[in-house]
Amino acid sequence: MKSAVLVFPGTNRETDIAGAIERSAGIKPHMVWHGDSDLPKVDLIVVAGGFSYGDYLRCGAMAAHSPIMREVKARAEKGVPVLAVCNGFQIAAEIGLVPGVLMRNAHLQFVCSDVNLKVESSQSLFTHRYQAGQVIRVPVAHAEGNYFADDDTLKRLEDRGQVAFRYCDSTGDVTAGNPNGSIRNIAGVFNDTKTVLGMMPHPENATEALFGGTDGKPLFDALAAALV
Amino acid sequence: MTTWEQNPPVKLPNEPAITPQIVAEHGLSPDEYQRVLKIMGREPTMVELGVFSAMWSEHCSYKSSKVWLKKLPTEAPWVIQGPGENAGVIDIGDGQAAIFKMESHNHPSYIEPYQGAATGVGGILRDVFTMGARPIANVNALRFGDPEHPKTRHLVGGVVAGIGGYGNCMGIPTVAGETSFHRAYNENCLVNAMTVGIARADRIFYAAAAGLGNPVVYVGSKTGRDGIHGATMASAEFTEDSESKRPTVQVGDPFVEKLLLEACLELMETDAIVAIQDMGAAGLTSSSFEMADKGGLGLEIALDKVPMRETGMNPYELMLSESQERMLMVLKPGREDEARRIFEKWELDFAVIGRLTDTRRMVLRWYGDVVASIPIPPVVTEAPVYERPWTATPLPPALDAATIAPPKDYADALLQLVGSPDQCSKAWIWRQYDHLIMGNTAIRPGGDAAVVRVPDGNGKALAITSDCTPRYCQAHPETGGRQAVAEAWRNLTAVGATPLACTDNMNFGNPQKPEIMGQFAGCTMGMAEACTTLAFPIVSGNVSLYNETQGRGILPTPVIGGVGVMKDVTRCVDIATREAGLVLVLIGETRGHLGQSIYLRDIQGREDGPPPPVDLTVEKRNGDFVRSQIQAGHVAACHDLSDGGLAIALAEMAMAGGTGLTIAIPEDAGCPVHAYLFGEDQGRYVMAVRPAVADAVLASAAAAKVPATRLGSSGGAALTVEGVLAISVADLRRTHEAWLPAYMEVRS
């Protein structure tokens with residue numbers, strides 16, 4: 001699996017996700033600086049977490065207008081898979097790669113903690129190594145992860161199985177365990193072809209037993225298996 | 001004769017005459033001003049006076065503390081760089097070095113908690129990456145006033161948000177720390193931030209300028225008017241109008257610092273840099289003097305070339321601004337364009353502002369005119385140094401545990417303690433810090449020490465902690481100093497690491513008072529003794545004096561930031577007893593020392609007696625034994641005993657692991673039950689030992705002459721002390737986790 005991890009000024013989890021990809025795919029991703037003129041031809045594009053452009057204006061808003069994101073959008077529209085995590089999710093939502101928006105956490109604080117996630121769909125490039133309904137434990141670390149979409153969008157997402165993950169408690173109850181106020185406990189969503197996944201939690205920080213557990217690793221294993 | 005001697009510097013338009021009042025406003029005593037006149041041989045200009053004011057401030061010159069700091073041991077075979085550079089450097093093996101330091105931002109944090117704390121984190125990060133290290137962990141030690149004080153809640157909220165806001169954006173995990181409350185900090189909170197970074201041991205960058213004619217380069221943010229005279233503010237007591245000093249608090253931008261970090265590390269991959277120094281306290285003044293002085297050279301700076309954020313700034317403001325996220329570098333000749341390309345890629349300012357000279361003078365020009373010309377060596381070597389008078393605090397008479405009442409109900413007392421402001425869970429705080437980024441955090445906040453894997457380090461890890469028990473330091477400074485070092489060493493040991501070195505952050509009141517100076521002296525002497533015996537040298541540090549408001553000083557608070565190493569990160573243990581059947585072994589001797597204990601203070605309402613004595617030989621013997629057992633894989637969990645003694649330690653182990661613990665107090669305990677459970681005797685640990693090896697561990701302890709007592713075992717759902725108390729782990733957790741969120745929930 002050839003992959004590219006985008007690096008904007010202020011991106012700070014690119015090394016974490018590059019490590020997770022390498023552990024699953026056995027090959028290092030290209031680290032692509034936002035100002036570099038061309039995006040290499042890859043099987044997977046990753047928009048990593050961090051504080052691109054210092055979160056100025058609005059999280060993800062500045063990066064969304066960078067030339068490289070136009071190229072990412074064009075590739076995504078041609079079907080190249082995109083994994084957008086945390087600030088990457090914010091950028092992807094800004095540019096319309098996935099539906100919805102990310103607002104300030106309901107409690108107005110940054111939150112770094114392990115959370116429980118219910119895998120809503122195992123029918124995707126990203127989640128086929130999980131069982132639908134499985135509860136996994138991965139961390140979140142964000143101040144603006146409060147997912148919101150209007151009722152029509154939510155209905156469409158749910159009808160089409162585009163909700164990837166929901167926050168839940170350890171028993172899988174998706175009315176509990178919400179760390180940020182996200183509507184219907186939504187933690188991650190697909191685009192309508194399920195080739196783009198945007199999610200707030202950090203599966204890349206749950207890929208080694210001693211460093212946060214391994215519940216995030218199947219996501220990278222799934223991509224590595226699907227995108228050979 | 002060179003031109004600067006023939007032509008004294010020009011005065012700026014509207015420059016006032018130097019009056020005694022102006023001298024006083026610059027924090028210089030009349031004697032110190034006489035010294036300025038002698039060095040200059042004439043009346044200084046305002047710019048020059050500002051430079052002396054900053055360089056000779058307590059904050060920059062260590063004039064009251066220097067004579068005492070010299071007593072601290074700073075060397076060991078593994079120390080690469082001790083105090084005197086931006087941060088300390090130790091060899092951690094595999095060609096790697098750990099670079100670390102702790103620094104205070106107390107005064108600014110009290111005035112403007114978010115920015116004060118944020119820029120404290122920014123400053124210490126710069127100190128570490130200036131030396132070529134990539135920061136891998138942040139730590140912070142916080143002291144606030146009485147929770148009931150009207151300002152405390154506001155300070156807690158602002159400081160925590162500020163630390164998180166900066167560290168999170170930088171992408172450096174905040175992995176450890178401590179937070180406590182006491183009325184002595186009502187008007188002076190303490191915010192001490194520590195950063196640990198990793199560099200190649202053969203590529204460490206220093207501040208000493210070299211190479212006549214080499215370009216001096218300014219990089220980072222533009223200079224604004226913020227923080228002017230910050231160092232001078234941090235060197236004075238607070239008065240009622242301190243709120244009006246808000247403009248002297250700097251404003252941070254962690255996004256720019258992230259860019260600065262990446263740009264500096266990228267340039268450091270080349271060999272273009274000769275010397276580099278961050279602009280911290282006293283900004284351009286202290287960075288330029290330090291570089292030139294350490295290199296034995298002179299410096300000529302064209303101040304008009306400094307990138308400015310505002311129009312109309314003058315040389316005085318430029319030299320004294322403490323705008324954040326700035327660095328000064330000396331480059332090899334001809335490498336300017338290469339460096340400029342890197343900084344422009346990261347969208348940062350880059351300006352060649354001067355050249356190194358052989359005059360040993362600092363010559364500052366403003367559009368060609370010389371506005372200051374100061375001989376560099378005397379500013380540094382003839383800076384005032386005071387041997388301030390001091391009086392020792394006598395050791396309070398011993399308290400007999402038998403004269404201290406037991407609690408009415410042991411379970412109630414333990415619940416009260418685990419839910420108290422000082423002992424309660426601080427998760428509300430560290431959940432706001434990204435403690436997982438970089439993916440190397442093996443032991444998270446909330447235990448004895450954090451453990452962070454070293455990137456590209458062959459599986460080795462660093463253990464990191466910060467410790468101090470101010471009430472011990474107040475009662476008897478020498479014992480308190482000894483205990484602070486011993487506790488840091490013990491916390492590193494309790495996770496299985498070998499302690500290597502520490503950094504100190506000395507927070508005290510007004511050193512011009514003999515009893516305060518005596519606290520400083522006593523703590524330093526105690527620390528020196530402990531660092532020597534434990535082979536745990538001080539490699540960097542910071543002094544914050546004048547933590548007083550209207551004559552009331554803080555508790556003496558010498559915070560120790562300790563760093564240890566372990567070869568194999570998979571061998572580390574935390575405090576959580578996660579499984580049933582583990583054998584609980586108490587290491588160390590329990591005499592039931594209740595003087596200055598948490599039990600005495602929080603249950604009996606008394607703050608008296610002597611602090612527990614610290615026998616450093618015993619400390620080392622017990623700790624070396626515990627570490628050997630952890631490294632041998634015999635131990636599933638381990639916790640050192642400190643505030644609240646055995647009872648609190650067991651409760652914390654049970655809560656962290658979610659498993660009950662049952663112990664019986666030995667019949668030959670030799671002290672009353674409450675003293676056995678809550679006494680704060682030093683040099684002790686509880687190890688949860690794997691059952692198959694329990695007998696062997698006890699036998700090795702006996703062979704090593706280490707006191708070891710089999711207390712009980714893990715299992716069930718309650719913490720039980722047979723015949724004394726039984727509390728479900730769920731109840732303990734509920735109480736432990738309740739106080740801080742509830743406290744912060746109230747809108748003041």
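Residues numbered from 1 in each chain as written. Chains lettered and ligands numbered in written order. Predicted model: local features only at pLDDT ≥ 70, side-chain atom pairs only at ≥ 80, totals over all residues. Heavy atoms only, no water.

Undergrad: Please clarify how the overall build of chain B should be interpreted in this entry.
TA: Check the secondary structure of chain B and you find 26 helices and 28 strands. Computed over C-alpha atoms, the radius of gyration of chain B comes to 26 Å, within 12% of the 27 Å expected from 2.2 N^0.38 for 748 residues, which places it in the range of a compact globule. Across its three principal directions, the C-alpha atoms of chain B cover 90 × 50 × 45 Å. Counting across all 748 residues of chain B, residues that qualify as buried make up 66%. (Helix = DSSP H or I, 4+ residues; strand = E, 2+ residues; numbered from the N terminus. Rg over C-alpha atoms; globule rule 2.2 N^0.38 Å. Buried < 20%, exposed > 50% of the residue type's maximum accessible area, 1.4 Å probe, protein only.)

Undergrad: Could you clarify how one ought to interpret the sheet that holds strand E26 (residues 708-714) of chain B in this entry?
TA: Across a sheet, strands are paired by hydrogen bonds formed along the backbone, either parallel or antiparallel in direction. All names here are of chain B. Taken in spatial order, the seven strands make up an open sheet running E23-E25-E22-E26-E24-E27-E28, and their pairing is mixed. Two strands bound the open sheet, and with one partner strand each, they are strand E23 (635-640) and strand E28 (725-728). Taking the axes of each pair of neighbouring strands and ignoring which way they run, one obtains an average angle of 20° across the sheet. By the bridge criterion, five bridges tie strand E22 (residues 583-587) to strand E25 (residues 685-689) in an arrangement that is antiparallel. The residue bridging Leu-586 from the neighbouring strand is Val-686, located in E25. This element, helix H19 (residues 477-494), spans E23 and E25 of the sheet and lies at about 170° to E23. (Pairing = 2+ DSSP bridges. Axes fitted to C-alpha atoms, helices over the stretch in contact; angles between N-to-C directions. Contact = heavy atoms within 4.5 Å.)

Undergrad: Got a minute to help me understand the interface of chain B and chain A in this structure?
TA: Listed by partner, the interface residues are 28 residues for chain B and 25 residues for chain A. Buried surface at the junction of chain B and chain A, summed over both partners, amounts to about 2200 Å²; 58% is from carbon and sulfur atoms. Applying the counting rule to chain B against chain A returns three salt bridges. Residue A:Arg13 is joined to B:Asp434 by a salt bridge in which the shortest nitrogen-to-oxygen separation is 2.6 Å. Among the elements of the structure, helix H9 (152-170), helix H11 (254-268) and strand E14 (441-443) of chain B are those that each provide at least two residues to the side of chain B that touches chain A. When its residues are assigned to classes, the side of chain B that touches chain A shows twelve nonpolar, eight polar and eight charged. (Buried area = accessible area lost by both parts, 1.4 Å probe. Salt bridge = Lys/Arg side-chain N within 4 Å of Asp/Glu carboxyl O. Nonpolar A, V, L, I, M, F, W, Y, C, P; charged D, E, K, R; others polar.)

Undergrad: Can you help me understand the pattern of salt bridges in this one?
TA: Where charged atoms from two side chains of opposite charge come close, those side chains can pair. Residue and element names in this part refer to chain B. One pass over the full model with this rule turns up 58 salt bridges over all chains. One salt bridge in this structure joins Arg-490 and Asp-640, with 3.4 Å as the shortest N-O distance. A residue pair is termed long-range when its members are at least 10 positions apart, and Arg-490 in helix H19 and Asp-640 in strand E23 qualify at 150 residues. For the residue pair Arg-490 and Asp-640, the accessibility class agrees, reading buried in each case. For Arg-710, the salt bridge identified is with Asp-695, shortest N-O distance 2.6 Å. Within this pair, whereas Arg-710 is found in strand E26, its partner Asp-695 is found in helix H25 (residues 694-703), the two being separated by 15 residues in sequence. The exposure class of Arg-710 is partly exposed, given its relative accessible area of 44%.

Undergrad: Sorry if this is basic, but what is going on with the UniProt feature "active site" (unreviewed entry) in chain A here?
TA: Residues and elements named next belong to chain A. Mapped onto this numbering, the UniProt entry annotates "active site" (unreviewed entry) at Cys-86, His-202 and Glu-204. Considering the C-alpha atoms alone, the annotated residues occupy 119 residues of sequence yet fold into one spot, their largest mutual distance being 11.0 Å. With respect to the helices and strands, the residue Cys-86 is situated in the loop between strand E4 (82-85) and helix H4 (87-95). According to the relative accessible area criterion, Cys-86 is buried, its value standing at 5%. With residues up to four places along the chain from it excluded, the contact list for Cys-86 reads Gly-49, Ala-141, His-142, Met-199, Met-200 and His-202. As for its position among the elements, His-202 is in the loop between strand E11 (196-199) and helix H6 (217-226). Under the relative-accessibility criterion, His-202 is labelled buried at 0%. Sequence-distant contacts of His-202, that is, excluding residues within four places in its chain, are made with Arg-13, Val-85, Cys-86, Val-138, Pro-139, Val-140 and Ala-141. (UniProt positions renumbered as here; feature names shortened; annotations may be inferred.)

Undergrad: Please clarify how the side chain of B:Gln682 should be interpreted in this entry.
TA: Residue and element names in this part refer to chain B. For Gln-682, the position within the fold is in the loop between helix H24 (673-678) and E25. For Gln-682, a relative accessible area of 9% puts it in the buried group. Polar contacts involving the side chain of Gln-682 include one to the side chain of Arg-490, which spans 2.6 Å. Contacts of Gln-682, omitting those with residues within four sequence positions, involve Tyr-472, Gln-483, Arg-490, Pro-612, Pro-613, Val-614 and Glu-619. (Polar contact = N/O pair within 3.5 Å; in protein donor to acceptor, adjacent residues only side chain to side chain.)

Undergrad: Looking at this structure, how should I read H11(B)?
TA: Along an α-helix, residues three or four positions apart point the same way, because every turn accommodates 3.6 residues. Between its first and last C-alpha, H11(B) extends 20 Å over 15 residues, near the 21 Å set by a 1.5 Å rise per residue. Most of H11(B) is tucked away: 14 of the 15 residues are buried. (Expected span 1.5 Å × (residues − 1).)

Undergrad: Please clarify how the UniProt feature "binding site: ATP" (unreviewed entry) in chain B should be interpreted in this entry.
TA: Residue and element names in this part refer to chain B. Residues given the UniProt feature "binding site: ATP" (unreviewed entry) here are Tyr-62, Lys-101, Asp-504 and Gly-541. Excluding anything up to four places from it in sequence, Asp-504 contacts Leu-69, Leu-72, Met-102, Met-527, Ile-538, Ser-540, Gly-541, Asn-542, Val-559 and Ile-560. As for its placement among the helices and strands, Gly-541 is situated in strand E18 (residues 538-544). Apart from residues no more than four positions distant in its own chain, Gly-541 is found in contact with Tyr-62, Lys-101, Met-102, Thr-503 and Asp-504.

Undergrad: In this structure, what is going on with the packing of aromatic side chains? I would like to understand it.
TA: Working definition: an aromatic ring pair is given by the centre-to-centre distance plus the angle between the planes. Throughout the structure, instances matching the rule amount to 17 aromatic pairs over all chains. Look at A:Tyr130 and A:Phe165: their rings are 6.4 Å apart centre to centre, the planes differ by 85°, and that puts the pair in the edge-to-face class. A residue pair is termed long-range when its members are at least 10 positions apart, and A:Tyr130 in the loop between strand E6 (111-119) and strand E7 (135-142) and A:Phe165 in strand E9 (residues 163-168) qualify at 35 residues. With a relative accessible area of 1%, A:Phe165 lands in the buried category. Ring geometry for B:Phe52 versus B:Trp56: centroids 5.1 Å apart, planes at 80°, classification edge-to-face. (Phe/Tyr/Trp six-rings, centres within 6.5 Å; stacked < 30°, edge-to-face > 60°.)

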